[in-house]
Amino acid sequence: MNILKFGGTSVGSVQSIGALLNILRQQAGPENPVVVLSAMSGVTNTLVAMAENAREGNDYNEALRTIEKKHFDIIRELLPAAAQNPVLTRLKIYFNELEDILQSVYNLKELSPQTKDLILSYGERCSTAMISHIVKQDFPHALYVDGSELIKTDSNFGQAKVNTQLTELLVREFYEANSEKLLFVTGFIASNEHGRVTTLGRGGSDYTAAIWGSALNVEEIQIWTDVDGMLTADPRIVKKAFSLPELSYTEAMELSYFGAKVIYPPTMIPAFLKKIPIVIKNTFNRDFQGTYIRHGLQSSTLPIKGITSIDEISVLNLSGSGMVGKAGFSGRLFSLLSREQINIILITQSSSEHSITFAVKPADALTALALINKEFELELQARKLEYPEVENGLAALAIVGENMKRTPGMSGKLFHALGRNGVNVRAIAQGSSEYNISVILSKADLSKAVNAVHDAFYANLKRTLNIFCLGTGNIGKTLFSQLQYQMPFLSTNNDLQVKVMGISNTRKMHLDADGIDLADWENSLEANGVPADLSEFVHKMKEMNLPNCVFVDNTASHNPIRFYQDILQSSISVVTCNKIGNSADYEQYEAFKNAARKYGVDFYYETNVGAGLPIIRTLKDLMLSGDKIAKIEAILSGTISYIFNNYKGDRLFHEVVKEAQDLGYTEPDPRDDLNGKDFMRKMLILARDAGYPLEESDIEIQSMLPPACLAAATVAEFYQELERNSAYFEQLKTDAAGSNKVLRYIGKLEDGKVAITLEMVNDSHPFFMLSGSDNIISFSTNRYKDRPLVVKGPGAGAEVTAAGVFADIINVGKR
């Protein structure tokens, strides 16, 4: 035999009542279940509002007529006309009684807890009377039971305490007298020794089900809701939350206490004492097997069972020397609060006994403060205690699971996930049982925190990176194309999901909390975008407050650089192919690095030096592994590389430069490449990463061009000057060929100094065989003395640069 409890959404509409009937048909057997019902969805809240309106002298009739119509409409739709009259008559009597009570409240302008309980009782009475009559079409032996006549409590209206011994006796006697009937019992309501209606508080209908289940020693108690059991987190916050197959009573208690609203702690106590399983099922998804709460669980591979939270709490901190070594101080404090019915959500005390921090509901905070100030008036005046203050706008987050006791590193994983996402922890509490670690944090960070912690603990799920992309030129477009193509591979092989949450160019910007579809990003930006404002783009990115967030700069503009510091300090990683930031003042370069380190995020810029070539990463790996850099030589300009690789034989220098321009290797003005400025920035970044605090002025650049070429007023005149100086270039080529060497424009870092010079190298040099527009770099180190470590390949182009940015994004994901 089972108890079946149906919540408000399960009796709230014609469709849900149809689902309820199907469940009853499926479970019909020789042993009739007992069915416990809540009020229709939304009715209890409406009854509370009506009672308060009546007390304030406001109109309540319209709401009363709405509730009445809601019940009558369902009866008329689900019952044939001949069967409607008995139930309509009963409900009409209830609504008339309710109207009379509300009128009394209206006249007296007084609403006592006793009267409020009586008003609220009509929600369960009406829904249960209605459902019991509707099911008689299928189950003629259905019987309506007013639970208030059988569950006996004290007179603490609104949160009555059950007289368990008397209640179980009454329930058993009633059931034995009506065992052949299908009982439909009102949830939530009870009565005191004088027969006055009381209510069982939050989760009261679940509590009713547990009381009946305990009294009758049932096989299991089924709680039918509108969700798939207990989930690993609130699905409204964490989209990847999944249903749990089973929980222990302790785990369920911990999760419920900290805000999991599927079931409430008192519900489980009667079942816990009798070791009766509770199963949470979904009225609208009968294929779901349910979440079982029971003794004797099978071993689980999950490190934690769930993440739960309370989204609105207030914190009080009491500190001072008068607490140190003072026996009974805590007892005095908490006894005081207990007498005033103030519930303590969380407590933490320093080992020095110098301070106690505790959390309460915001509605209780000022009362608690006043009580403390009064109780400890002498200590406060004597400065033995500091005057306490209330801190609002906070939330509590807890991770729960019995496996935590046997798994080292749980606290570390929790705090790493929070710290890396910039979530400041205000207080921490953990019981000696190690079933729960609770933290207090800012309410504004709660959603981000829950998602970050969920990603950290459930490794079987795909981690999510939320990226915001600046720039939709060649590199930006190519990156989106690569991301879209590679998504399935990342999901399958790396358990990583990359979501583009925002895109901006110089014209428009678009941010979407659900992510932007990369298959249609251009149309989405055009149709949904607003005028671009970089400051507003960054502000909205921070305002979304997402976990595992990355800002991607695919521009060559100065504008984004001024936001890097603020972004990093907001615990958002930065990936950039824009070399302007790292090649400006050393102070700025160092500030970016320090901010990333301080706030636990990443600042990746591999593409600053060699597009997709692993140059910066190779340098860092060499240094991290303890190798000493003796010398770095590099050719880091694809344009210059192409020109000198093709300047041979009878070809003239100006012809090769023009060819490079026609192929798109140079800027519109080739001097922007040939003056060595871009090369200089790359060498400066390399030198800084190698540990040298150099400025641009510290780098020696030998110009490869005669002064007249650099001074030409236009590009056309520049080419004329190149042609006039052909003899200069021919002499360089002849001298190189005469000694079996080739011309190479090489950047060199040695002994903390950087020089970029035009050199002739022979076939023993690693740069001799360079071809096309390739870049090349050689690292001479203590470990690579005789034969340097060489990295070579394309150092420019949208495909390889976007691939380098992509790789940096993935490396953020690995962290």
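Since this is a predicted model, take the numbers as computed values, not measurements. (Residues numbered from 1 in each chain as written. Predicted model: local features only at pLDDT ≥ 70, side-chain atom pairs only at ≥ 80, totals over all residues. Heavy atoms only, no water.)

Draft legend 1. The overall build of the chain, seen in detail. Secondary structure summary: the chain contains 30 helices and 29 strands in total. The globule rule puts the C-alpha radius of gyration for 815 residues at 28 Å, and the 37 Å found for the chain is more than 25% above it. Considered along the principal axes of its C-alpha atoms, the chain spans approximately 115 × 75 × 55 Å. Considering only contacts in the chain between residues 6 or more positions apart, those separated by 24 or more positions represent 72%. About 35,900 Å² of surface is accessible on the chain, with carbon and sulfur atoms providing 48% of the total. The centroid of the 80 positive side-chain charges in the chain is displaced by 3 Å from the centroid of its 95 negative side-chain charges. (Helix = DSSP H or I, 4+ residues; strand = E, 2+ residues; numbered from the N terminus. Rg over C-alpha atoms; globule rule 2.2 N^0.38 Å. Contact = heavy atoms within 4.5 Å. Areas by Shrake-Rupley, 256 points an atom, 1.4 Å probe, with all protein chains shown as cover. Lys, Arg positive; Asp, Glu negative; His and termini not counted. Charge placed at Lys NZ, Arg CZ, Asp CG, Glu CD.)

Draft legend 2. The sheet that holds strand 9 (residues 278-282), seen in detail. Read across the sheet, eight strands follow the order 3-4-2-1-7-9-10-8 without closing on themselves; strand pairing throughout is mixed. The open sheet has two edge strands with one neighbour each: strand 3 (142-145) and strand 8 (246-247). The pairing of strand 8 with strand 10 (residues 291-293) spans two bridges and is classified as parallel. What sits directly across from E246, in strand 10, is Y292. (Pairing = 2+ DSSP bridges.)

Draft legend 3. Molecular detail of helix 28 (residues 715-724). Among the residues of helix 28, those classed as buried are F718, Y719, E721 and L722. Relative to the axis of helix 28, the buried residues are bounded by an arc of 160 degrees and lie together on one face. Contacts from the buried residues of helix 28 go to helix 24 (653-662), helix 25 (671-674), helix 27 (707-711) and helix 29 (726-738). (Buried < 20%, exposed > 50% of the residue type's maximum accessible area, 1.4 Å probe, protein only. Arc of directions from axis to C-beta.)

Draft legend 4. Representation of the side chain of N775 within the structure. Note on placement: N775 falls in strand 28 (residues 774-781). On the accessibility criterion, N775 (0% relative accessible area) is buried. Only 3.4 Å separates the side chain of N775 from the backbone nitrogen of G638, close enough to count as a polar contact. Setting aside chain neighbours within four positions, we find N775 in contact with V609, G610, L613, I635, L636, S637, G638, L770, V791, K792, G793 and G795. (Polar contact = N/O pair within 3.5 Å; in protein donor to acceptor, adjacent residues only side chain to side chain.)

Draft legend 5. Inspection of the state of the cysteines at higher detail. Inspection of every chain in the model, using the stated rule, returns zero disulfides. For C549, which is in no disulfide, the shortest distance to another cysteine sulfur is to C469 and amounts to 11 Å. (Disulfide = S-S within 2.5 Å.)

Draft legend 6. The arrangement of the environment of V171 in detail. Mapped onto the elements of the fold, V171 is located in helix 6 (residues 164-177). Separated by 45 residues in the primary sequence, V171 and L216 place their C-alpha atoms 7.8 Å from one another. Among all residues touching V171, those that are not within four sequence positions of it are L150, W212, A215 and L216.

Draft legend 7. Structural context of the pattern of salt bridges. Taken as a whole and assessed by the stated rule, the structure comprises 39 salt bridges. Its salt-bridge partner being D234, residue R236 comes within 2.8 Å of it at the nearest N-O pair. A salt bridge links R671 to D669, with the shortest nitrogen-to-oxygen separation between them at 3.0 Å. Several salt bridges converge on common partners, so that one network encompasses R65, E68, K92 and E99. (Salt bridge = Lys/Arg side-chain N within 4 Å of Asp/Glu carboxyl O.)

Draft legend 8. Region of interest: the packing of helix 1 (residues 14-27) against helix 5 (residues 113-134). One can describe the packing of helix 1 onto helix 5 by two numbers: an axis separation of 11 Å at closest approach and a directional angle of 60 degrees. With respect to their mutual orientation, helix 1 and helix 5 come out oblique. As for the relative orientation of helix 1 and helix 5, their crossing is right-handed in sense. Residue-level inspection shows I17, L20 and L21 of helix 1 in contact with helix 5, the latter providing M130, I131 and I134. (Axes fitted to C-alpha atoms, helices over the stretch in contact; angles between N-to-C directions. Parallel < 35°, antiparallel > 145°, perpendicular 65-115°, else oblique. Left-handed = near helix turned anticlockwise from the far one by under 90°.)

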